[in-house]
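Report on the structure
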Amino acid sequence: MKQLPPDTVRLLSSSQVITSLVNVVKELMENSLDAEASSIDVKLENYGLDRIEVRDNGLGIKADDTPVMAVTHFTSKICSNEDLERLETYGFRGEALGSVCSVAEVSVITKTEEDDVSTQYTLNFSGEIVSQKPSHLGQGTTVSVLKLFKNIPVRRQYYSSTKKCKEELKKIQDLLVAYAIIKPGLRLTLIHNRVVVWQKATVADHRSALLATLGAGAVANLLPCHHHQEQPEILLEGFFPKPGADYSSTSSSSADKTFIFVNNRPVHQKDIMKLLRQHYSAQYPDTPTRNRYPTAMLKITVPPSSVDVNLTPDKTQVLLHDKVAMKFSDWIVDQFPAGLETDVSVCDDEMARSCTRAAGMGSAERLGGDAAASGDNSSKISAEDWSRGTALTDPVSGEPLQPVQIHQPSKDVRSDCDEIKSRSGSDKKVFNAITEKRAALTAYDLISNRAMRVPLSPAALFEKEARVEVLREKPTASLQDISDTVHERWKNLRVEERRKYEEKARRHLEHHDQRTKSASAEGPGETSASTPRGHAQGQKRKAPLSNQQLLDELFSAQPQKKTRNPAPKPSRLLPCSVAALRLRLRRLSSQSAGVPRGPRLVNRLASRSAWVILCGQRLMLLNPFRVEEALLFKRLLENNILPAVSLQNPIQLTDGSLGGAGYTEALCNMEKRSPELDGGALFSDPRLVANGFKIKLTPGLTSAERHLEVTAMADCVPFLGVEDLREILTAVLHRKARTVQECRPLKVTNYLQGEAVRLARQLPTNPSREDVEETLLRMDQQLAESNQTCIHGRPFLQHLFALWPPF
């Protein structure tokens, strides 16, 4: 790393200030990407206010550069202002890490390929190293930011609201999604409070990255686009919505699915976004797409000399050269062939004139110079003619081809009144039953256009809100328990609260009736008739509505074919004697009298997930995976020992933290190891060790001088703490628990349940007969008859029927 010259600092200095959590994550991620990292993990605690950790597997920081790695204006990206003409990295000012140090506690762990071990550096507020020690991490760099905004209480107070914290977490996830799309080979993981919020694996190309981030439903309606030009040098790539696709699947109400990249840098360009939205909404003149954002991905690659990235401190806005901007505008017009004249302000007045001129040009001329150079364009079908419906013409009349129409057959017998009506109405416009619908609202209108939700009752509105509260209070409750709890709360609801829900239901009903009336009053013919003729010429012609209504009317009048009775199946009478059958059953019963009544396997069902067993004189259905799940959970409760990880700062235990002097005495009376040289002794009681607690006791002359501290704790169980140790001591003190199984805290029990489910899912899907017999034997030996359910409360055995009554 080298310090930038003073004149370069004056030109580049942005007075970088960390104002949000997403700023910290963005700067640290860009440092990782500049270090050629292929895997980045972002870990947050308390939405990032307590801890932000960004870990990568990049090149690492050389030992010679570590003294100045966080000092302002020291960077390895550029040496002078002229290097911006050849810039290929995300960062270049050398201000990011120093700005973070000024508002938080920062530590850096780094290791290069040449280093034997990694080193952890602790930095002060000015970016200088205050301490260092070896670490166990591998190659790459890990930056930990602790107590963000600790010295700026006003800025930290801004995130006191949970709503603002969740909004910031959503911005961080959107940032990671943008980098995941532009870097297909990058593996990304976002973890909040030890829970994986979002992750993306390594993929091959941009389309696969869009599939991994947006889903198959959104990508199915996108088309790839590509354009390359040498003068000026520009490469335009991306994915844009298919023409004519449903706007609800190709757009959203926010801009979080519209991705714009300039030289692989995600940017927020209002001018480009405005151009994309205007050309997208021009394809749907009759739908409310004016305030929506298209689902699209645009990648602009230009020489570094044609773009200025030093506009804003966060580098999310850039300035393009005029020639590049004009070419980009023409290309966008080609991707959205709406046929409308557009007056757009993109970068400056010159670009706006270019957009207007390009929108008025012929589509064959816009769709590429290669087609124009080839000579004959008469046989080409332009996108503009295709969108207007004039691309295909009748060779005889020269008129545009019309959609197929189904006419009703004329009836031979008509009354005089019908003839008078037909003659009087001959000068009126003929009604087309296919393209024009009646004003009455039918089920076909709802299916082909839009569906309206049925208004909810007051009880349903209350249930919608109360279910969330019940789930938050009882995460492990079943659906039946949740429904019963919500029903009970509704019955006990106060009169004032009940009136609120009745008033809300009344408003929903009025809104539904209003929408129904408006949908009945507006027909497809009225919508098309109200559109100005000159404006409708440039719009895309809508496809005719469904013919199913007319087809049903036509074909329902035809006589249905008579179905022939199927030929009788051949049958054969077999001799049967009830008395002989009864005698045979008595013999079988007498033979099985001395056989144990335990469960016996009969056969496997065709689904290969259940077995039929015989329990005495009853046939029952056995699910062996539920039995294995319960057996695994029982074994984990009895024998599993959670690994304890040493704490950097041991936790002091007092009477107040444990719940009283009685709890402290119960802890001190547990089994301990032999004292060490300093007089301290570690507890070896399995009720503590198995639950992931490593506690040290330093005796004193009196109980007041006695010192207790937790030196290690299991990190595999989220949020394990002193309150769980108090739960163990409560079981020992009040319930006289002596085994490990009786002293498991609730958090540990839930963790072991998840481990049992995970291990059960790894078992073979098609167990053999011997394996199932062994499972039945262990079920009889280890599980009591009262405990015949799995972790989720589902029974092992399902009764089918009784074979015969006892004789």
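Residues numbered from 1 in each chain as written. Predicted model: local features only at pLDDT ≥ 70, side-chain atom pairs only at ≥ 80, totals over all residues. Heavy atoms only, no water.

Stated precisely, the cut-off is as follows: UniProt positions are given in the numbering used here, feature names are shortened, and annotations may be inferred rather than shown by experiment.
The name that an unreviewed UniProt entry assigns to the protein is PMS1 homolog 1, mismatch repair system component, with the source organism given as Cyclopterus lumpus. Word for word, the UniProt comment on the protein under Sequence similarities (unreviewed entry) is "Belongs to the DNA mismatch repair MutL/HexB family."

1. Describing the overall build of the protein
What counts, and what does not: Each helix is a run of DSSP H or I of at least 4 residues and each strand a run of E of at least 2, with the numbering of both proceeding from the N terminus. Between two residues, a contact is recorded if the distance between any of their heavy atoms is within 4.5 Å. Each accessible area value is a Shrake-Rupley result obtained with a 1.4 Å probe; residue values ignore everything except the protein chains displayed when judging cover.
A count of helices and strands for the protein gives 30 helices and 27 strands. Of all intrachain contacts in the protein linking residues separated by at least 6 positions in sequence, the fraction that spans at least 24 positions is 64%. When the accessible area of the protein is evaluated, it comes to approximately 48,000 Å², of which 52% is carbon and sulfur surface.

2. Details of the sheet that holds strand β15 (residues 265-266)
Each strand in a sheet pairs with its neighbour through backbone hydrogen bonds, running either in the same direction (parallel) or in the opposite one (antiparallel). This is how it is decided: Pairing between strands is defined by DSSP: at least two bridges between the two strands are required. Under this scheme, a helix contributes an axis fitted over its contacting stretch, all axes are lines through C-alpha atoms, and angles between N-to-C directions fall in the 0 to 180 degree range.
One open sheet holds the 5 strands; their spatial order is β11-β12-β17-β14-β15, and the pairing between them is mixed. Every interior strand has two partners, whereas the edge strands, β11 (222-229) and β15, have only one. Here 8 bridges tie β11 to strand β12 (residues 234-241), and the two strands are oriented antiparallel to one another. Residue Cys 225 lies in a different strand from β12, and its bridge partner there is Gly 238. In the packing of helix α9 (residues 270-281) onto the sheet, contacts are made with β12, β14 (258-262) and β17 (296-301), and the angle to β14 comes to roughly 135°.

3. A word on the nonpolar core
For the record, the criterion: What makes a nonpolar core is a set of buried Ala, Val, Leu, Ile, Met, Phe, Trp, Tyr and Cys residues whose side-chain atoms join them at distances within 4.5 Å. The rule is simple: take the accessible area with a 1.4 Å probe, protein chains only, and divide by the maximum for that residue type; under 20% is buried, over 50% is exposed, in between is partly exposed.
Membership of the largest hydrophobic core comes to 58 residues, with the highest contact counts inside it found for Ile 40, Val 42, Ile 52, Val 145, Leu 148, Leu 176 and Leu 188. With residues up to four places along the chain from it excluded, the contact list for Val 42 reads Val 25, Met 29, Glu 53, Val 54, Leu 176, Thr 189, Leu 190 and Ile 191. One finds Leu 632, Leu 653, Leu 658 and Ala 714 within the second-largest nonpolar core, a separate group that totals 34 residues.

4. Concerning helix α17 (residues 458-473)
Under the convention used in this document: Given the number of residues in a helix, its expected span is that number minus one, multiplied by 1.5 Å. To get the bend at a residue, fit one axis to the 7 residues ending there and another to the 7 starting there, then take the angle between the axes.
Taking 1.5 Å per residue as the helical rise, α17 with its 16 residues ought to reach 22 Å, and the 23 Å between its terminal C-alpha atoms agrees with that figure. Along its length, α17 shows its largest kink, about 30°, at Ala 466. Taken as a whole, α17 has its buried residues at Leu 461, Phe 462, Ala 466 and Val 470.

5. Side note on the packing of helix α5 (residues 162-182) against helix α6 (residues 206-214)
Note the threshold: In these notes the angle categories are as follows: under 35 degrees is roughly parallel, over 145 is roughly antiparallel, 65 to 115 is roughly perpendicular, and the rest is oblique.
Packing of α5 against α6 leaves a shortest axis separation of 8 Å and a crossing angle of 150°. On the basis of their axis angle, the class for α5 and α6 is roughly antiparallel. Taking contact as the criterion, the partners of Val 177, Ala 180, Ile 181 and Ile 182 in α5 are, on α6, His 206, Ala 209, Leu 210 and Thr 213.

6. Things to note about the confidence of the model for the protein
Quick reminder of the rule: Confidence scores labelled pLDDT are given residue by residue by the predictor and lie between 0 and 100.
Per-residue pLDDT for the protein averages 77, and the proportion of residues at 70 or more is 72%. Note on residues 338-378: pLDDT is under 50 here. Beyond four places in sequence and across chains, it has 61 contacts. With pLDDT under 50 throughout, residues 443-448 is counted as low confidence; its partners more than four residues away or in other chains account for 11 contacts.

7. A short note on the pairing of strand β2 (residues 39-45)
Remark: a regular strand shows side chains that alternate across the two faces of the sheet. Buried residues dominate β2, accounting for 5 of its 7 residues. Alignment of β2 against strand β3 (residues 51-56), held across 6 bridges, turns out to be antiparallel. If you follow Glu 45 over to β3, its bridge partner there is Arg 51.

8. Some remarks on the sheet that holds strand β23 (residues 644-653)
Spatial ordering of the open sheet is given by β23-β26-β25-β24, a layout of 4 strands whose pairing is antiparallel. What marks the edges here is a single partner per strand, and that holds for β23 and β24 (681-682). In the packing of helix α28 (residues 722-734) onto the sheet, contacts are made with β23 and β25 (693-698), and the angle to β25 comes to roughly 80°.

9. Comments concerning the environment of Phe 683
On the secondary structure map, Phe 683 appears in the loop between β24 and α27 (686-689). Given a relative accessible area of 3%, Phe 683 falls into the buried group. For the pair Phe 683 and Phe 693, spaced 10 residues apart in sequence, the C-alpha separation works out to 9.0 Å. Once residues lying within four places of it in the same chain are set aside, the contact partners of Phe 683 are Leu 667, Cys 668, Met 670, Glu 671, Lys 672, Leu 688, Val 689, Ile 695, Leu 697 and Leu 708.

10. So, the environment of Pro 699
Position of Pro 699 relative to the elements: it lies in the loop between β25 and β26 (707-714). Pro 699 sits 20 residues away from Gly 679 along the chain, and the two C-alpha atoms are 7.2 Å apart. Setting aside its immediate chain neighbours within four residues, Pro 699 contacts Gly 679 and Gly 680.

11. Focus on the environment of Leu 619
Tracing the chain through its elements places Leu 619 in strand β22 (residues 618-622). With 179 residues separating them in the primary sequence, Leu 619 and Gln 798 have C-alpha atoms 8.9 Å apart.

12. Notes on a nonpolar patch on the surface
Keep this limit in mind: Every patch collects residues that have over 30% relative accessible area and no salt bridge, joining them within 9 Å if they carry like charges and within 5 Å if they are nonpolar side chains (Val, Leu, Ile, Met, Phe, Trp, Tyr). Whenever a carboxyl oxygen of Asp or Glu lies within 4 Å of a side-chain nitrogen of Lys or Arg, that contact is scored as a salt bridge.
Among the surface-exposed residues, Ile 381, Trp 386, Leu 392 and Leu 401 lie close enough to one another that they form a single nonpolar patch of about 440 Å² accessible area. You can call Ile 381 partly exposed: its relative accessible area is 49%.

13. Points about the packing of aromatic side chains
Inclusion rule: Stacked, tilted and edge-to-face are the three classes applied to pairs of Phe, Tyr and Trp rings, where Trp contributes its six-membered ring and a pair requires centres within 6.5 Å; stacked means planes under 30 degrees apart, edge-to-face means over 60, and tilted covers the rest.
The tally for this structure, following the rule as stated, stands at 6 aromatic pairs. When the centroid spacing of 5.9 Å and the interplanar angle of 75° are considered together, the rings of Tyr 90 and Tyr 179 count as edge-to-face. Within this pair, whereas Tyr 90 is found in the loop between β4 (74-75) and α3 (96-101), its partner Tyr 179 is found in helix α5, the two being separated by 89 residues in sequence. As far as burial versus exposure is concerned, Tyr 90 and Tyr 179 are alike and both buried. Centre to centre, the rings of Phe 149 and Tyr 159 are 6.4 Å apart; their planes meet at 5°, and the pair counts as stacked. Of this pair, Phe 149 sits in the loop between β8 (140-146) and α4 (153-157) while Tyr 159 sits in the loop between α4 and α5; the two residues are 10 residues apart in sequence, bridging distant segments of the chain.

14. With respect to the side chain of Asp 685
Going by this rule: Nitrogen and oxygen atoms within 3.5 Å of one another constitute a polar contact, given that in protein one can donate a hydrogen and the other can accept it, and given that sequence-neighbouring residues count only through two side-chain atoms.
Position of Asp 685 among the secondary structure elements: in the loop between β24 and α27. For Asp 685, the side chain forms a polar contact with the main-chain nitrogen of Arg 687, separated by 2.9 Å.

15. Some remarks on helix α26 (residues 661-668)
Regarding α26, the residues found buried are Tyr 663, Thr 664, Ala 666, Leu 667 and Cys 668. Considering only its buried residues, α26 is in contact with β23, α25 (655-658), α27, β25, β26 and α28.

16. As for unusual backbone geometry
Phi is mostly negative for residues that are not glycine, and the peptide bonds are mostly trans. Positive phi is not limited to glycine here, since Tyr 47 has a value of about 60°. With respect to the element layout, Tyr 47 can be found in the loop between β2 and β3. The phi angle at Asn 263 is positive, at roughly 55°, despite the residue not being glycine. As for its placement among the helices and strands, Asn 263 is situated in the loop between β14 and β15.

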